[in-house]
Structures are given as C-alpha cells and as structure tokens.
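Listed below, chain by chain, are the residues.
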Amino acid sequence: MPSFDIVSEIDEVALRHAVENANRDLANRFDFRGVEASIEQQGLTVTLKTVSDFQVQQLEDIFAKAAVKQGISAAGADRPEKPEHSGKTFSLTLTFKQGLDQPTAKQIVKMIKDAKLKVQASIQGEQVRVNGKKRDDLQEAIALLKASKLEIPLQFNNFRD
C-alpha cells in the first residue's frame, strides 16, 4: 500500500549557510557601514542584533532573502512581536522548529479528511503518515497541502509504492 510522511524539518547546515550569506550581504551594505550589526546562529536559533528598531527589520529582510535561497522558509520560525531592547542594542530572536506539533498535525489530518480524498492520515509522533490505495490519491493529498495556507514549511518524504 503506497504511503508517505509529512514532516517539518530544518536543515541546520542550510541554516548556517543562510546566516553566513546574510552576514556577507550585511558587510557589503552601505547603510550598515560603521554600525554594530550582526546575525548569529546558535543551533536552530538565529539572533539579529543592531542599534535601531528599523535596522532590525532590515536585518530580518536580509536574512529572509538568504534563507529562501537556501530553501528555508523564515515564515516557519517563532518570532516575537517586537525586537527586544537591551541597553543600546535591539535584538530579534528567530527560533526554528523541528517536527510537527500536535495541533498542527491534527489540522493537517482534518484538512485531508475534509477533502474526502481516498487516503488515511495518522499522526505518528512528530510526523503524519498518509496511506492510500493509489499513488494518484497520495499526489492529490500532497497538492492539497501545498495549496493550503499553513504557516510552517512542510516536506514530503519516505514515499513508498
């Protein structure tokens, strides 16, 4: 019986490359000359630091562009409402999540069931497994999820025929 898994994973190496590329872009930006600004990574956490609130937003744009080039969606990161102000610096911490949390997994299963596709979806830890009789049914489920407005990046792996 054909099946595949729906997961949400962030490649740490690609994230590191995105941070390095963003720092390279930052070094070449004229509006950041002579300004203390940095983009740092610690595991799955990226911290953007600079001296003004507006420049933090610019750093976020620089990082988002570098992340998209590496195939990482910055929309899937936990982001605070406002940058944190400490002394003379503003910092914004983006935390990327590994795996699907329970409410999101339930939402995915509900979407698949509401679409009345001929597949069965089940939650297995931090992933959702989808089974069906035909490969075409599984491809319809993938197309449905890609067209949905979920706020996290999804990957479809372990496709078995």
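Below is a short write-up of the structure. (Residues numbered from 1 in each chain as written. Predicted model: local features only at pLDDT ≥ 70, side-chain atom pairs only at ≥ 80, totals over all residues. Heavy atoms only, no water.)

**Here we look at the overall build of the protein chain**
Selection criterion: Segments assigned H or I by DSSP are reported as helices when at least four residues long, segments assigned E as strands when at least two residues long, and all are numbered from the N terminus. As defined in this context, the radius of gyration uses C-alpha atoms, and a globule is described by 2.2 Å times the residue total to the power 0.38. Per-residue accessibility, obtained with a 1.4 Å probe over protein chains only, is compared with the maximum for each type, and a residue is labelled buried under 20%, exposed over 50%, and partly exposed between these values. Any two residues having at least one pair of non-hydrogen atoms within 4.5 Å are treated as being in contact. Per-residue and other accessible areas were derived by the Shrake-Rupley procedure at a 1.4 Å probe size, with only the shown protein chains allowed to occlude residues. His residues and chain termini do not enter the charge count, which takes Lys and Arg as positive and Asp and Glu as negative. For charged residues, the charge sits on one atom: NZ in Lys, CZ in Arg, CG in Asp, CD in Glu.
Secondary structure summary: the protein chain contains 4 helices and 9 strands in total. Secondary structure of the protein chain in N-to-C order comes out as β-α-β-β-α-β-β-β-α-β-β-α-β. Computed over C-alpha atoms, the radius of gyration of the protein chain comes to 19 Å, more than 25% over the 15 Å expected from 2.2 N^0.38 for 161 residues, which places it beyond the range of a compact globule. On the principal axes, the C-alpha backbone points of the protein chain span a range of 60 × 25 × 25 Å. Counting every position in the protein chain, which comprises 161 residues, the buried fraction comes to 39%. Within the protein chain, contacts between residues separated by at least 24 positions form 63% of all contacts whose residues are at least 6 apart in sequence. Summing over all exposed atoms, the protein chain offers an accessible surface of approximately 9700 Å²; the carbon and sulfur share of this is 47%. Where the 23 positive side-chain charges of the protein chain centre and where its 23 negative ones centre are 5 Å apart.

**Some details on unusual backbone geometry**
Non-glycine residue K116 carries a positive phi angle of around 55°. Positionally, K116 belongs in the loop between α3 (102-114) and β7 (119-124). Taking relative accessible area as the criterion, K116 reaches 73% and is therefore assigned exposed. Of note in the backbone geometry, N158 takes a positive phi value of approximately 60° without being a glycine.

**With respect to helix α1 (residues 12-28)**
Counted only if it meets this: Helix span, as expected, comes to 1.5 Å for every residue beyond the first. By arc we mean the arc of the directions from the helix axis to the C-beta atoms, nothing more.
Between its first and last C-alpha atoms α1 spans 25 Å; for 17 residues at 1.5 Å apiece the expected length is 24 Å, and the two agree. Restricting attention to buried positions, one finds in α1 the residues A14, L15, A18, V19, A22 and L26. Considered in projection along α1, the buried side chains sweep an arc of 140° and stay on one side of the axis. Exposed and facing more than 90 degrees away from the buried side of α1 are R24, A27 and N28. The secondary structure elements touched by the buried residues of α1 are β2 (38-42), β3 (45-50), α2 (53-69) and β6 (89-96).

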